[in-house]
Amino acid sequence: MQIGPLTLANRLFVAPMAGVTDRPFRQLCKSLGAGYAVSEMVTSRRDLWNTLKTSRRANHEGETTPIAVQIAGTDAAMMAEAAAYNIDRGAQIIDINMGCPAKKVCNKWAGSALMQDEPLALAIVEAVVAAAAPHRVPVTLKMRTGWDAAHRNAVTIARAAESAGVQMLTVHGRTREQGYRGEAEYDTVTAVKAAVRIPVVANGDIATPERARDVFAATGCDAVMVGRAAQGRPWIFREIAHFLDTGEHLAQPLVAEVRRLLLDHLEDHYQLYGEFTGMRSARKHIGWYVHGLPGGDDFRKRMNRIDDCRQQWQAVGDYFDELATHTDRLPPPAAGPGAALEEDAADIRSDACG
Ligand SMILES: Cc1cc2nc3c(=O)[nH]c(=O)nc-3n(C[C@H](O)[C@H](O)[C@H](O)COP(=O)(O)O)c2cc1C
């Protein structure tokens, strides 16, 4: 699969998730079978570019290419500037966020609100494409199906974006009004795919290999994008790849492998954020990894009280050592949509921007 001149390893993508898909997590997913990952959203507000948060997000050291950076905002000139800024820092693909349901982006309705203002959406796309074109950097767009059930205009925006030079579209199968509630639908993805010639990526509630297979078949999409189901299960990409290739399920990962993956993930995490901040922000990842495992809930509660990163790292190692005395492999995930998808949609943090 291609995005403009860039060839991707496969058709399984990690969704951008603010506060989750930082460089260590993206890199881990790529090493476990994801062909492509988009960074967490970077604001188009220049006054925030020097904050620690944004400079961490704009740091791609050691990441497997291609480097894709997502930008968000409501002003065409600022978005063009943000594209140029990130291209200067190594972005090889610029993704425009038109899916964010949260209000805090740029203190205004950005993200999915742009879908309500088609002329502004198009002006932004044109400005970003113009800024990226001299660098031969492709521009992609991520959106929802529309503002609400009565205004599902993804097809209109898709056509306009393609005419303006966008080279790939991702559609999260919910309206902005739905937030993360209800189920994703894929009919709009099918309609978008039929309406354009550029690659189309289906997203929303893809949590099992079977669902990935069915979404490919139903929509004719070029790739599928997995978000919440990869939280704590970054090996889902190789599971999907194996199932699509063979029709069979890969064995559950060995406990010893998950132990090593998670401990390495924590090391990378502490390195990016520093030990104190890293220890705190690692808690959510650890909680996702142990969700549904024997003694996992108790361990998560205990681990959340640890305030030192070395002790946290040690406790995680000890938990998996103990688990390995009972079983070689992780138990299969419980039937259902997966740990993260079971979270009450209202609990998804306010920076869940897409
Ligand atoms: C915690 C969180 C943060 C998110 N942040 C972003 C973001 O920065 N940009 C974006 O386009 N989408 C963002 N999203 C939306 C996801 O990319 C994806 O569209 C959505 O979760 C549906 O896919 P899933 O059902 O596979 O999770 C976020 C979602 C979550 C749960």
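Residues numbered from 1 in each chain as written. Predicted model: local features only at pLDDT ≥ 70, side-chain atom pairs only at ≥ 80, totals over all residues. Heavy atoms only, no water.

Engineer: When you look at the overall build of the chain in this model, what are you seeing that I'm missing?
Structural biologist: Within the chain, the secondary structure is distributed over 13 helices and eleven strands. Taken over the C-alpha trace, the chain has a radius of gyration of 20 Å; the compact-globule value for 354 residues is 20 Å, and the two agree within 12%. Principal-axis analysis of the C-alpha atoms places the extent of the chain at approximately 60 × 45 × 35 Å. In the chain, buried positions account for 57% of the 354 residues. Accessible surface for the chain amounts to roughly 14700 Å². Of this, 50% is attributable to carbon and sulfur atoms. Looking at the chain, you have 40 positive and 43 negative side-chain charges, and the mean spots of the two groups are 3 Å apart. (Helix = DSSP H or I, 4+ residues; strand = E, 2+ residues; numbered from the N terminus. Rg over C-alpha atoms; globule rule 2.2 N^0.38 Å. Buried < 20%, exposed > 50% of the residue type's maximum accessible area, 1.4 Å probe, protein only. Areas by Shrake-Rupley, 256 points an atom, 1.4 Å probe, with all protein chains shown as cover. Lys, Arg positive; Asp, Glu negative; His and termini not counted. Charge placed at Lys NZ, Arg CZ, Asp CG, Glu CD.)

Engineer: Quick question: what am I supposed to make of helix 6 (residues 187-195) here?
Structural biologist: For the α-helix, the turn length of 3.6 residues means that residues three or four positions removed from each other point alike. Among all positions of helix 6, only Thr 188, Val 189, Val 192 and Ala 195 are buried. The arc that holds the buried residues of helix 6, viewed along the axis, is 125°, so those residues lie on one side. Exposed and facing more than 90 degrees away from the buried side of helix 6 are Asp 187 and Ala 194. Against strand 8 (139-146), helix 5 (154-163), strand 9 (168-175), strand 10 (200-203) and helix 7 (209-219) lie the buried residues of helix 6. (Arc of directions from axis to C-beta. Contact = heavy atoms within 4.5 Å.)

Engineer: Teacher, can you tell me more about the pairing of strand 8 here?
Structural biologist: Consecutive residues of a regular strand have side chains that alternate between opposite faces of the sheet. Most of strand 8 is tucked away: eight of the eight residues are buried. Relative to strand 8, strand 7 (residues 93-98) runs parallel, the two being bridged by five bridges. Opposite Met 98, over in strand 8, you have Met 143 as the bridge partner. Relative to strand 9, strand 8 runs parallel, the two being bridged by six bridges. Paired with Leu 141 across the strands is Leu 169, a residue of strand 9. Traced from strand 8 through helix 5 to strand 9, the parallel crossover comes out right-handed. (Pairing = 2+ DSSP bridges. Right-handed = clockwise from strand over helix to strand, strands pointing away.)

These results come straight from atomic positions and should not be treated as a statement about function.
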